[in-house]
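Inside the fold
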Amino acid sequence: MIKRLFIAHPASVGESYGEHFRHSLAFSGAMFVGAFACLVHAVIPSMCARTGSGIIARLHDRMVVNRITTRQP
């Protein structure tokens, strides 16, 4: 049960629990900033026009593109 809850998923992406925790926490912070920027943009459309989409693009690169390139032998 402990392995399934805390170790299996991080291992499936090539990380330890601590590494996965740090990466996930960083993603959470970036997503929070992006969500706030989108909220500001919803109220005042001239502000933060590209902030949310820029954060999404960077997170996608970190999560998908970089992971694929680092896993190739």
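Residues numbered from 1 in each chain as written. Predicted model: local features only at pLDDT ≥ 70, side-chain atom pairs only at ≥ 80, totals over all residues. Heavy atoms only, no water.

Side note on the environment of Phe27
Structurally, the position occupied by Phe27 is in helix H2 (residues 17-43). Measuring from C-alpha to C-alpha, the distance between Phe27 and Ala37 comes to 15 Å, with 10 residues separating the pair along the chain. For Phe27, the residues in contact, after removing those within four places along its chain, are Leu59, Arg62 and Met63. (Helix = DSSP H or I, 4+ residues; strand = E, 2+ residues; numbered from the N terminus. Contact = heavy atoms within 4.5 Å.)

Considerations on a nonpolar patch on the surface
Where nonpolar side chains cluster on the molecular surface, the patch consists of Met1, Ile2, Leu5, Phe6, Ile7, Tyr17, Phe21 and Leu25 and spans about 870 Å² of accessible area. Ranked by residues supplied to the nonpolar patch, first place goes to helix H1 (residues 2-12) with four residues. Secondary-structure assignment places Met1 in the segment before H1. Under the relative-accessibility criterion, Met1 is labelled exposed at 66%. (Patch = residues over 30% accessible without salt bridge, like charges linked within 9 Å, V, L, I, M, F, W, Y side chains within 5 Å. Areas by Shrake-Rupley, 256 points an atom, 1.4 Å probe, with all protein chains shown as cover. Salt bridge = Lys/Arg side-chain N within 4 Å of Asp/Glu carboxyl O. Buried < 20%, exposed > 50% of the residue type's maximum accessible area, 1.4 Å probe, protein only.)

What about the packing of aromatic side chains?
Inspection of every chain in the model, using the stated rule, returns two aromatic pairs. By the ring-pair criterion, three or more aromatic residues cluster together here, those being Phe6, Tyr17 and Phe21. (Phe/Tyr/Trp six-rings, centres within 6.5 Å; stacked < 30°, edge-to-face > 60°.)

Remarks on unusual backbone geometry
With phi around 55°, Cys48 is a residue other than glycine that occupies positive phi space. By the element assignment, Cys48 lies in the loop between H2 and helix H3 (51-71).

Some details on the side chain of His20
Mapped onto the fold, His20 is located in helix H2. The residues contacting His20, other than those within four sequence positions of it, are His9, Pro10, Val13 and Glu15.

Digging into the confidence of the model for the chain
Reading fine detail from the predicted coordinates is not recommended where pLDDT is low. Taken as a whole, the chain shows an average pLDDT of 90; of its residues, 90% reach a score of 70 or greater. Per-residue pLDDT, averaged within each element of the chain, yields its smallest value for H3 (83) and its largest for H2 (96). (pLDDT = per-residue confidence, 0-100.)

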